[in-house]
Amino acid sequence: MLKMVVLVSGGGTNLQAILDAIEKGEITNAEVAAVISNNAKAYALERAQKAGVPGLCVSPKEYPDRSAFNRALLKTVQSFSPDLVVLAGCMVVIPREMVEAFPNRIINIHPALIPSFCGTGYYGLRVHEQALKRGVKVTGATVHFVDAGTDTGPIILQKAVEVHQDDTPETLQRRVMEEAEWKIMPRAIQLIANGCVKTENGRVIIDETHGI
Ligand code: GAR
């Protein structure tokens, strides 16, 4: 059984997609051991509570400096001994110590087709604002392993989504979530939980022969 800790910051719709997929049997061999938010008001914490999953807040506001917060976050994650750390709308820059403690065991969902519209400063609605500003006709979402860079780790799954001429950042964000994020995040977890994902030379190879 793959034990997951899910890190969140806001609404938690990706967390919900994971919880629903477990409930429906679309994710097997995996459980959410805890949900950790940097923001005490995150609706994601209510979603965790409703699902009977422990929800905790580790806020930078409670610590004197960033390194004290980073240490506390790592300690809290490690207290659950997870096999996989899932960043589901987590707006915290993951500290180097965390990446080193969980090599190729942290995954993130990014709301664009990496390497477009990613890296420092590209998060949440800003990603969609930039995609619309550039006038791309197709965008999407990416699930990737987290390495020491920002959005630079090996790509596990991607899904493309059409941009409409009358899109606002909000309508585009919603379509990317519905058509891509809420599908590829649970799917990536299902593949990892069932041993179908390996990394070679910085690239992910998915073994489709399992029939998962
Ligand atoms: C999602 O669109 C996710 O891809 C994005 O934040 C949103 C969180 O929504 N993540 C990032 O931008 C990370 N760089 P949610 O809280 O409803 O899952």
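Residues numbered from 1 in each chain as written. Predicted model: local features only at pLDDT ≥ 70, side-chain atom pairs only at ≥ 80, totals over all residues. Heavy atoms only, no water.

A.B. asks: Describe the site of the ligand, naming the residues involved and giving the relevant values.
C.D. replies: Lining the immediate environment of the ligand, one finds 14 residues, of which G12, T13, N14, G124 and E181 sit closest. G11 places a polar main-chain atom, nitrogen or oxygen, 3.5 Å from an oxygen atom of the ligand. N14 has a polar side-chain atom sitting 2.9 Å from an oxygen atom of the ligand. For the ligand, whose unbound accessible area comes to 460 Å², protein coverage reaches 93%. If you list the elements that add at least two residues to the shell around the ligand, you get α1 (13-24), β5 (106-110) and α6 (169-193). Grouping the constituent residues of the shell around the ligand by class yields six nonpolar, seven polar and one charged. (Near = heavy atom within 4 Å. Polar contact = N/O pair within 3.5 Å; in protein donor to acceptor, adjacent residues only side chain to side chain. Areas by Shrake-Rupley, 256 points an atom, 1.4 Å probe, with all protein chains shown as cover. Helix = DSSP H or I, 4+ residues; strand = E, 2+ residues; numbered from the N terminus. Nonpolar A, V, L, I, M, F, W, Y, C, P; charged D, E, K, R; others polar.)

A.B. asks: Explain the packing of helix α5 (residues 125-134) against α6 to me, using residue names and the numbers behind them.
C.D. replies: Running from N to C, α5 and α6 cross one another at 110 degrees; their axes reach a closest spacing of 9 Å. Taken together, the axis directions place α5 and α6 in an arrangement best described as roughly perpendicular. Where α5 crosses over α6, the handedness of that crossing is right-handed. Taking contact as the criterion, the partners of L125, H128, E129, A131 and L132 in α5 are, on α6, P169, E170, L172, Q173 and V176. In terms of residue class, the contact of α5 with α6 is made up of six nonpolar, two polar and two charged. (Axes fitted to C-alpha atoms, helices over the stretch in contact; angles between N-to-C directions. Parallel < 35°, antiparallel > 145°, perpendicular 65-115°, else oblique. Left-handed = near helix turned anticlockwise from the far one by under 90°. Contact = heavy atoms within 4.5 Å.)

A.B. asks: Any details on the nonpolar core? Residues and values, ideally.
C.D. replies: Within the largest apolar cluster, 46 residues are counted, with the highest numbers of intra-cluster contacts made by M4, V35, V86, I107, I156, M185 and I189. Counting residues per element, this core draws most heavily on α6, at 10 residues. Of all hydrophobic cores here, the second largest spans 22 residues; its members include F80, M98, F102 and V146. (Core = buried A, V, L, I, M, F, W, Y, C linked by side-chain atoms within 4.5 Å. Buried < 20%, exposed > 50% of the residue type's maximum accessible area, 1.4 Å probe, protein only.)

A.B. asks: Can you explain helix α2 (residues 43-50)? Please cite residues and give values.
C.D. replies: Within the span of α2, buried status applies to A44, L45, R47 and A48. Projection of α2 onto a plane perpendicular to its axis shows the buried side chains occupying an angular sector of 155 degrees, all on one side. Structural note: α2 exposes Q49 and K50 on the side pointing more than 90 degrees away from its buried face. In this structure, the buried residues of α2 make contact with β1 (2-8), α1, β2 (30-37) and β3 (55-57). G52, located one to two residues past α2, shows a positive phi value of around 75 degrees. (Arc of directions from axis to C-beta.)

A.B. asks: Can you tell me about unusual backbone geometry, naming the residues and giving the values?
C.D. replies: Backbone phi values are negative for most residues with the exception of glycine, while trans is the configuration of most peptide bonds. Following I114, the chain continues into P115 via a peptide bond in cis, with omega recorded as 15 degrees. Take P115: it is sitting in the loop between β5 and α5. The phi dihedral of S81 is positive, around 45 degrees, even though this residue is not glycine. Relative to the assigned elements, S81 resides in the loop between α3 (66-78) and β4 (84-87). Despite not being glycine, D151 has its phi angle at roughly 60 degrees, a positive value. With respect to the helices and strands, D151 occurs in the loop between β6 (138-145) and β7 (155-162). A relative accessible area of 12% places D151 in the buried class.

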